[in-house]
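# Architecture and fold: a report
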Amino acid sequence: MKILILDADQFSSALLTKTLSSYAYSVDVATHQSAGLSLTKAYTYDLIIAAVTLPHGDGIEFCQHLRAQGKSTPVLLLTAEQTRDRMAGALDAGADDYVTKPLDLVEVMARVRALLRRKDLSLVPPAMTWGDLCLNPVVPEVTYRGHLLTLTPKEYGLLELFLQNPQRVFSRSAILDRIWPADVSPMEGTVTNHIKELRQKLKAVGMTTDLIETVYGLGYRLNPPPLALAPELPSRSPATALPATQPIMPAAFPQTTRVMIVDADRATLEAVHYLLCPWGIEVTRLHQPETFWRVLPQAQPQLLILNLELLTFNSLHLCHQIRQDPVWGDLPILAMTAHHDPESVQRLFASGVDDFVSQPLVGPELVTRVISRLERVRWQQQLDRRLPTQLPPVPPPITPVTGPNPVLEAAGKSAVYANILLVDDQPNNLRVLSAILAGHGYKVRKASNGEDALEAIASQPPNLILLDIKMPGMNGYEVCAALQTNVATRTIPVLFLSALDDPADKMKAFTVGGADYITKPFQAEEVLARIKYQLILQQQQRQLTIRNEQLLTVRTALQESEAQFRHAFAALTVGVGWVGSADRWLKVNPALCHRLGYSATELLTIPITAIIEPVDQPLWQQQLQQIWQATILTSQLKLRWQVKGDRTALVQVNLTLVQDSEQQPLYVLVQCQPLSDRHFSPPASS
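On to the overall build of the protein, then. A tally of helices and strands in the protein yields 22 helices and 28 strands. Counting all 686 residues of the protein, 46% fall into the buried class. Contacts spanning at least 24 positions in sequence make up 61% of the contacts within the protein whose residues lie at least 6 apart. Surface summary for the protein: the accessible area is close to 33,500 Å², and the carbon and sulfur share equals 53%.

Before going further, it helps to examine the nonpolar core. By size, the foremost hydrophobic cluster in this structure holds 38 residues, and its most contacted members are Leu20, Tyr25, Ile48, Ile49, Leu77 and Val112. Secondary-structure elements contributing two or more residues to this core are β1 (2-6), α1 (10-22), β2 (26-30), α2 (33-42), β3 (47-51), α3 (59-68), β6 (75-79) and α5 (105-119). When sequence neighbours within four positions are dropped, the list of residues in contact with Ile49 reads Ile3, Leu4, Ile5, Leu6, Leu16, Leu20, Leu76, Leu78 and Val112. Grouped together as the second largest cluster of nonpolar side chains are 29 residues, Leu135, Leu151, Val191 and Met207 included.

Next up on the list: the pairing of strand β26 (residues 634-643). Of the two faces of β26, only the one carrying Ser635, Leu637, Leu639, Trp641 and Val643 is buried; Thr634, Gln636, Lys638, Arg640 and Gln642 on the other face are not. From the end of β26 to the start of strand β27 (residues 647-659), which pair antiparallel, there are three residues, and Gly645 there has a positive phi angle of about 105°.

Under the definition given, this model contains 18 salt bridges. The salt bridge involving Lys101 is made with Asp7; its shortest N-O contact spans 3.4 Å. Taken together, the residues span a long stretch of sequence, with Lys101 in the loop between β7 (97-100) and α5 and Asp7 in the loop between β1 and α1 at a distance of 94 residues. Given a relative accessible area of 23%, Lys101 falls into the partly exposed group. In this structure, Glu155 engages Lys201 in a salt bridge whose closest nitrogen and oxygen atoms are separated by 2.8 Å. Linking Glu155 in helix α6 (residues 153-164) with Lys201 in helix α8 (residues 189-204), this pair joins segments that are 46 residues apart in sequence. Using a relative accessible area of 1% as the deciding quantity, one classes Glu155 as buried. Residue Lys201 is classed as partly exposed on the basis of its relative accessible area of 29%. Here the salt bridges do not stand alone but share partners, grouping Asp355, Asp516, Glu526 and Arg530 into one network.

Relative to the elements of secondary structure, Arg530 occurs in helix α19 (residues 524-571). When its relative accessible area of 3% is taken as the criterion, Arg530 is described as buried. At 3.4 Å, the side chain of Arg530 forms a polar contact with the side chain of Asp516. The contact partners of Arg530, leaving out residues within four places of it in the chain, are Asp355, Phe356, Arg369, Leu495, Asp516 and Ile518.

Right, let's talk about the packing of α2 against α3 for a bit. Relative orientation of the contacting elements α2 and α3 amounts to 30°, with a least axis distance of 10 Å. With respect to α3, the element α2 is oriented roughly parallel. The two elements α2 and α3 meet at a crossing, and its hand is right-handed. Taken together, the residues of α3 that come into contact with α2 (itself represented by Gln33, Gly36, Leu37 and Thr40) are Glu61, Phe62, His65 and Leu66. Of the residues assigned to the contact of α2 with α3, the class counts are three nonpolar, four polar and one charged.

A contiguous patch of negative charge on the surface is contributed by Glu451, Asp452, Glu455 and Glu478. Considering every element that reaches the negative patch, the biggest residue donor is helix α16 (residues 450-459), with three residues. When you line up the elements, Glu451 lands in helix α16. For Glu451, a relative accessible area of 38% puts it in the partly exposed group.

Glancing now at the sheet that holds strand β16 (residues 303-307). One open sheet accounts for five strands, arranged β15-β14-β16-β17-β18; its pairing is parallel. Edge strands, defined here as strands with exactly one partner in the open sheet, are β15 (282-286) and β18 (355-358). Each adjacent strand pair in this sheet contributes to an overall mean axis angle of 20°, direction not counted. Summarising the sheet, strand β17 (residues 333-337) and β18 pair through four bridges and their orientation is parallel. Looking at β18, one finds that Met336 is bridged to Val357. Strands β14 (258-262), β15 and β16 of the sheet are contacted by helix α10 (residues 292-299), whose axis makes an angle of about 165° with β14. Sheet strands in contact with helix α11 (residues 315-324) are β16 and β17, and its direction is about 160° off that of β16.

Turning our attention to the sheet that holds strand β19 (residues 419-423). The strand order β20-β19-β21-β22-β23 describes an open sheet built from five strands, whose pairing is parallel. With partners counted over all chains shown, the strands left at the sheet margins are β20 (443-447) and β23 (516-519), one partner each. Within the sheet, the average angular offset between the axes of one strand and its neighbour, ignoring direction, is 20°. Pairing analysis gives four bridges linking β19 to strand β21 (residues 464-467), with the strands arranged parallel. Paired with Ile420 across the bridge in β21 is Leu464.

On to the pairing of strand β24 (residues 575-579). Buried residues dominate β24, accounting for five of its five residues. Both β24 and strand β28 (residues 665-674) contribute to a ladder of five bridges, which runs antiparallel. Residue Trp578 lies in a different strand from β28, and its bridge partner there is Leu669. Relative to strand β25 (residues 585-588), β24 is paired through three bridges, and the arrangement is antiparallel. Residue pairing across strands places Val579 opposite Trp585, the latter belonging to β25.

Of all the positions in α11, only Ser315, Leu318, Cys319 and Ile322 are classed as buried. All buried residues of α11 fall inside an arc of 105° around its axis, so they share one side. Those residues of α11 that are buried lie in contact with α10, β16 and β17. The N-terminus of α11 is capped by Asn314, whose side-chain oxygen sits 3.4 Å from the backbone nitrogen of Leu316.

Time to look at the packing of aromatic side chains. In total, this model carries eight aromatic pairs according to the counting rule given. Here the aromatic residues Tyr477, Phe496 and Tyr517 are joined through ring pairs into a cluster of three or more. Here the basic side chain of Lys2 rests over the ring of Tyr43, its NZ or CZ set 5.1 Å away from the ring centre. Across from the ring centre of Phe356, 4.5 Å away, lies the NZ or CZ of Arg530, which sits over that ring.

Parameters at a glance
- Residues numbered from 1 in each chain as written.
- Predicted model: local features only at pLDDT ≥ 70, side-chain atom pairs only at ≥ 80, totals over all residues.
- Heavy atoms only, no water.
- Helix = DSSP H or I, 4+ residues; strand = E, 2+ residues; numbered from the N terminus.
- Buried < 20%, exposed > 50% of the residue type's maximum accessible area, 1.4 Å probe, protein only.
- Contact = heavy atoms within 4.5 Å.
- Areas by Shrake-Rupley, 256 points an atom, 1.4 Å probe, with all protein chains shown as cover.
- Core = buried A, V, L, I, M, F, W, Y, C linked by side-chain atoms within 4.5 Å.
- Pairing = 2+ DSSP bridges.
- Salt bridge = Lys/Arg side-chain N within 4 Å of Asp/Glu carboxyl O.
- Polar contact = N/O pair within 3.5 Å; in protein donor to acceptor, adjacent residues only side chain to side chain.
- Axes fitted to C-alpha atoms, helices over the stretch in contact; angles between N-to-C directions.
- Parallel < 35°, antiparallel > 145°, perpendicular 65-115°, else oblique.
- Left-handed = near helix turned anticlockwise from the far one by under 90°.
- Nonpolar A, V, L, I, M, F, W, Y, C, P; charged D, E, K, R; others polar.
- Patch = residues over 30% accessible without salt bridge, like charges linked within 9 Å, V, L, I, M, F, W, Y side chains within 5 Å.
- Lys, Arg positive; Asp, Glu negative; His and termini not counted.
- Charge placed at Lys NZ, Arg CZ, Asp CG, Glu CD.
- Arc of directions from axis to C-beta.
- Phe/Tyr/Trp six-rings, centres within 6.5 Å; stacked < 30°, edge-to-face > 60°.
- Lys NZ or Arg CZ within 6 Å of the ring centre and 35° of its normal.

It is worth stressing that arrangement in space is one thing and function is another; only the former is reported here.
Printed below as a string of structure tokens:
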């Protein structure tokens, strides 16, 4: 990232330059207002640090001029004044924050990071990833599969530039402007050399795919990241196999997977499109909500993402309409909302919303929720496919009770609908959650620290885990990561329940394998809804696994039966064949070929009427038509067939219609047996 320091105090600007450079920021320095404005016109900066006191003007006037030019670059003011009115005027003039002198470098860097995060609206996480490569600008450091890379500031700046702008091509001159200070003028070949050295360092740590693509005649850009494929029924992988901020996801979806997002903010539309495209998801972006019903049939989405904060549109009313629509009533809806109070959450779910994400958006959280919803849709579609009737029934799902249940009450609430483990070091939280869950039919176990939780899971794996993050000893992140390394526990859904509300905390939760994240203070409706969803998702995967095993058993049995049939079909002494609707043989056995004197290839390429005497062809056509129309199912007739070699044989033919399970005709089974050898006529003499 590139930062401009506007300060006439040489000591202060030198100190800031040294500190920012140590964090791999590229720094330019200007000493008066006009020079600062000239630099902002010539270069693009991610942040400006400006002193209030400047020669020939001040930092507040600089902010006013900058905003008048339409630039929204964040500005951090440095001031020795602490008067409230003066600072209020500075913020009104367009400054984003201020810090007082003498400078506390720890405070300065914290405010710098906060302004840079605010600039990105939290749609792009603080740490950036490309496959197994992770760049963390907070530290700053770059790792590949957990191994730390030693990069020069320029190499770090190049990597950060491409990761921040994945679809943009940068010329060499543009890279010089973004990475090198304004008072340094290297040749464009310098860029080529640094990119070459960066590629070599990445290759040295095991990266086989080239991160940076050379666009000949234009410059350089970021290659698409490699996608790690997962099995058809995805299970969570060990956390150590993933980059530090990459959410655990299944394989990329087929190209027919479609998502529709409705939001008046074009920046959000583009950000969601950017986040979902790497997973093979086609995103329809709609910034005019009033055209929703016209666009919906064209988009044909499997999931709808809807912003509930639209100022000129009643989004909750739209959810009601969707649920009442006979065609789209089952369309999953993922809402984006900034309101999490109990009344809002209750209205949200009552309107028909399936799930929601908090605003401002956190990239990994959004992607995780979208893909888990799409996985549920995909598994349900596979479960709905017609299966052979002889398959045994699938066991009933684990279903939580959502209201009064006479059976449960009669059994003294002894019926177990799901086994949930609560892990929290606060006794009050355990007590409240236990009461809520037990009242809805769940069997609840409790643990007050991470070590006890792992012991409880090992002794009896639960169906779901509600896990706090900040605990003495082993924290929630470490517990979840440990579960991911064990094949027996990695598929247990983990719902983080924490008071930590920073996007980085949520991002880390999804990184280590969390299935969901709920912020304290929690709302009972939200907790119950998210638990129910995870259990349904888990049950669908279980059902699909059972169905796949059943289908495999049936397939094996069919293959064995088919092998036995082929052997018996070939060994029959009676001529047998299958006739299709086009009056041609579909299959013939050796006995039929022997009787007629033709090879199987010859019989399959000629119409049947070609071997029937013309006088008998009307009878054959009549009987065959009645069989195909199911007027009759069997027929027996005598026909004179032309045997190869100009002979004629009198043959008894039995016809039988073969139908599928829905009584639709498949083929006609034809059995042919000569009445006697004396019925065969010798070839006619010439």
